[in-house]
Amino acid sequence: MTSLSKAVQKKSKTKSPNQTQDDVVYCHIFDAILEQRLPPGTKLNEEALSEIFSVSRTIIRRALLRLSLEQVVVIRPNRGAIVAAPTIEEAKQIFKAREVMELAITELAVENATQEQIKQIRKLVTAELSAFEKGDFGSGIRLSGEFHLKLAEMANNAPLLNFQRSLVSQTSLLIAQYEVGNNANCSLDEHTILLDAIEAGDKEKALSLMTEHLNHIRSKLSLDGETASNDLHVVFSNVIKSNALNKA
């Protein structure tokens, strides 16, 4: 639980003071999905989440609705919400959409990336490597996803960034559902080389590297995916502990 606690503590330190309660709940659940701590098919019990986060069920419903709009949570009438569990056919469609999106983002990133953005994303890649070296796979996977979101920011296109956020989280679900073992879904070397091509303004090379990168992610999927814990109190034990300390 130590690595999970550190991940949430980091999130809490950087959150905006203007965040609403449903923003906070949304961020915690989104990160838990991105870090593969919430496996596909997990029932997101409103009562349990309300108790865990010490907020009303109305707040929980708002957060779950936002996640459903990003297609990482499915809200079932009269049966509650669950973490989405894409089928093989849906997985193929998600990856096709991801391929189209990533190539468009990469092309725009080459055209619009600033030196400051390149500098910041290199720091993120370093943090990603450090997480995997420490065995903190949850944080490593999250940082890997953030790498692709930062590329979308570099593209300077708000609609693409919104679409990418949903696709990155959906891809994390696919990896949680179908990948074998605790392998990083993105290679540090691939990220670094891709950044080098973007910084050099070599659009053709950057597009080729992104295609290889996506093929690498897709090649590691299997039909026999192991799942993590689906006990909400286990997944968010760090939040429960934090709430208890705040009340003490």
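Please refer to the structure placed before this passage.
Keep in mind the model is a prediction, meaning the values are calculated, not measured.

J.: Can you walk me through the overall build of the protein chain in this structure?
T.: When helices and strands are tallied, the protein chain shows twelve helices and three strands. For the protein chain, buried positions account for 46% of its 248 residues. Across the protein chain, contacts joining residues at least 24 apart in sequence account for 78% of those joining residues at least 6 apart. Of the roughly 12500 Å² of accessible surface on the protein chain, 51% is carried by carbon and sulfur atoms.

J.: Help me understand the packing of helix α7 (residues 137-154) against helix α8 (residues 158-178) in this model?
T.: Pairs of packed helices are described in terms of their axes, by the angle between the two and the distance that separates them. Where α7 contacts α8, the two axes come as close as 9 Å, and the packing angle between them is 160 degrees. In terms of axis orientation, α7 runs roughly antiparallel to α8. Note that α7 runs across α8; the crossing there is right-handed. Contacts between α7 and α8 pair Ile 141, Gly 145, His 148, Leu 149, Ala 152 and Glu 153 from the former with Leu 161, Gln 164, Arg 165, Val 168 and Ser 172 from the latter. Per-class residue counts for the contact of α7 with α8 are five nonpolar, four polar and two charged.

J.: Is there a simple way to explain the sheet that holds strand β1 (residues 43-44) in this structure?
T.: Within a sheet, neighbouring strands are paired by backbone hydrogen bonds and run either parallel or antiparallel to one another. Pairing is antiparallel across the open sheet formed by three strands, whose spatial order is β1-β3-β2. Whereas interior strands pair on both sides, the edge strands pair on one side only; in this sheet they are β1 and β2 (73-76). Judged from the two bridges that link them, β1 and strand β3 (residues 80-83) form a sheet pairing that is antiparallel. Residue Lys 43 lies in a different strand from β3, and its bridge partner there is Ile 82.

J.: Looking at this structure, how should I read the nonpolar core?
T.: Burial of nonpolar side chains together is a common tendency in soluble globular proteins. Counting residues in each nonpolar core, the largest one holds 32 residues, and the members touching the most others are Ile 105, Phe 147, Leu 151, Met 154, Leu 194, Leu 195 and Ile 198. Those elements that provide at least two residues to this core are α5 (88-112), α6 (115-133), α7, α8, α9 (188-200) and α10 (203-219). A per-element tally of this core places α5 first, with seven residues. For Ile 198, the residues in contact, after removing those within four places along its chain, are Ala 109, Val 110, Ala 113, Ile 118, Leu 151, Met 154 and Ala 206. Listed in part, the 31 residues of the second largest apolar core include Ala 63, Val 73, Val 83 and Val 168.

What counts and how
- Residues numbered from 1 in each chain as written.
- Predicted model: local features only at pLDDT ≥ 70, side-chain atom pairs only at ≥ 80, totals over all residues.
- Heavy atoms only, no water.
- Helix = DSSP H or I, 4+ residues; strand = E, 2+ residues; numbered from the N terminus.
- Buried < 20%, exposed > 50% of the residue type's maximum accessible area, 1.4 Å probe, protein only.
- Contact = heavy atoms within 4.5 Å.
- Areas by Shrake-Rupley, 256 points an atom, 1.4 Å probe, with all protein chains shown as cover.
- Axes fitted to C-alpha atoms, helices over the stretch in contact; angles between N-to-C directions.
- Parallel < 35°, antiparallel > 145°, perpendicular 65-115°, else oblique.
- Left-handed = near helix turned anticlockwise from the far one by under 90°.
- Nonpolar A, V, L, I, M, F, W, Y, C, P; charged D, E, K, R; others polar.
- Pairing = 2+ DSSP bridges.
- Core = buried A, V, L, I, M, F, W, Y, C linked by side-chain atoms within 4.5 Å.

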